[in-house]
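The primary structure of each chain is shown beneath.
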Amino acid sequence: MDKEADTINEITDYIRRFNKKMILYKLILQAKSEYDKYDYEAGRKSLIEAYLIDKQNPVVLRGLGCIKQYEGKFNSAVRYFSQALKYSKNKEIEYSLLGTAYYLQEKLDEAVKYFNLAIDCNENYDKAYEGRNQAMLERHLKIVDLQENLSKRF
């Protein structure tokens, strides 16, 4: 009798976990659809609902970070991306998102650092190369502008 009860409990637990994953998956797809439609508030709500189900899901954390970045709340975005990095199997994505967050704040050295970390994780991740190259170009242009301004003064 105890063995049958244990089996029933195991099956029940499995069904609960499966149901939870399906709801999480649905919420992530819904948030992506809303984000693609530029309905960031609805996307944020779906992601928060998903976060309440799984606080360690890197896709959910990335999404919340992207919403914060869109809102111009870069420190919050960096926190979400850093948290996602802890749980992610594809760390090049989080490193690139961190690089982008720093790039948008014009912290170009930090941006290059994170894009390089993404490349170290996956040397075939083109987005990291594109981001790094853009940050390096911006940094170079700032140096050129500074040099021109200094030469005009003297």
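Structure's up top.
As the structure is a prediction and not an experimental result, all values here were calculated from the model. (Residues numbered from 1 in each chain as written. Predicted model: local features only at pLDDT ≥ 70, side-chain atom pairs only at ≥ 80, totals over all residues. Heavy atoms only, no water.)

## Side note on unusual backbone geometry
Glycine aside, a negative phi is what most residues show, and trans is what most peptide bonds show.
Phase 1: One non-glycine residue with positive phi stands out, namely Y38, at about 65°.
Phase 2: Examined against the element boundaries, Y38 turns out to sit in the loop between α1 (2-36) and α2 (40-53).
Phase 3: A relative accessible area of 64% places Y38 in the exposed class.
Phase 4: Even without glycine at this site, E106 takes up a positive phi of about 65°.
Phase 5: Inspection of the secondary structure assignment puts E106 in the loop between α5 (91-104) and α6 (108-121).
Phase 6: A relative accessible area of 54% means that E106 is categorised as exposed. (Helix = DSSP H or I, 4+ residues; strand = E, 2+ residues; numbered from the N terminus. Buried < 20%, exposed > 50% of the residue type's maximum accessible area, 1.4 Å probe, protein only.)

## Structural notes on the nonpolar core
Phase 1: The biggest cluster of nonpolar side chains holds 19 residues, and the ones touching the most others in it are F81, Y95 and L98.
Phase 2: Broken down by element, this core gets its largest block of residues, seven residues, from α6.
Phase 3: Core analysis: the next-biggest nonpolar cluster, separate from the first, contains ten residues, L24, L27, L47 and I67 among them. (Core = buried A, V, L, I, M, F, W, Y, C linked by side-chain atoms within 4.5 Å.)

## As for the packing of aromatic side chains
Phase 1: A full pass over the atoms with the stated rule returns six aromatic pairs.
Phase 2: Plain terms: the ring middles of Y40 and Y70 are 3.9 Å apart, the flat faces sit at 40° to each other, and that makes the pair tilted. Here Y70 lies in helix α3 (residues 58-70) and Y40 lies in helix α2, a separation of 30 residues in the sequence.
Phase 3: A relative accessible area of 14% places Y40 in the buried class.
Phase 4: Residue Y70 is classed as exposed on the basis of its relative accessible area of 53%. (Phe/Tyr/Trp six-rings, centres within 6.5 Å; stacked < 30°, edge-to-face > 60°.)

## Observations concerning α1
Phase 1: A rise of 1.5 Å per residue sets the reference length of α1, with its 35 residues, at 51 Å; its end C-alpha atoms lie 51 Å apart and thus fit the reference within 8%.
Phase 2: Every buried residue of α1 is accounted for by L24, L27, I28, A31 and E34. (Expected span 1.5 Å × (residues − 1).)

## Considering the packing of α5 against α6
Phase 1: At their nearest, the axes of α5 and α6 sit 7 Å apart, and the two run at 165° to each other. Between α5 and α6, the angle is such that the two are roughly antiparallel. Handedness of the crossing formed by α5 with α6: left-handed. Along its contact with α5, which presents K91, E92, Y95, S96, L98, G99, T100, Y102 and Y103, the element α6 presents L108, E110, A111, Y114, F115, L117, A118 and C121.
Phase 2: For the contact of α5 with α6, the per-class residue count stands at eleven nonpolar, three polar and three charged. (Axes fitted to C-alpha atoms, helices over the stretch in contact; angles between N-to-C directions. Parallel < 35°, antiparallel > 145°, perpendicular 65-115°, else oblique. Left-handed = near helix turned anticlockwise from the far one by under 90°. Contact = heavy atoms within 4.5 Å. Nonpolar A, V, L, I, M, F, W, Y, C, P; charged D, E, K, R; others polar.)

## Observations concerning the pattern of salt bridges
Pairs can form between side chains of opposite charge whenever their charged atoms are close.
Phase 1: Going through the model one piece at a time under the given rule, you end up with nine salt bridges.
Phase 2: Residue E71 is joined to K68 by a salt bridge in which the shortest nitrogen-to-oxygen separation is 3.6 Å.
Phase 3: Its salt-bridge partner being E110, residue K113 comes within 3.9 Å of it at the nearest N-O pair. Taken together, the positions of K113 and E110, both in helix α6 and three residues apart, correspond to about one turn of that helix. (Salt bridge = Lys/Arg side-chain N within 4 Å of Asp/Glu carboxyl O.)

Any functional reading would require information beyond the geometric quantities listed.
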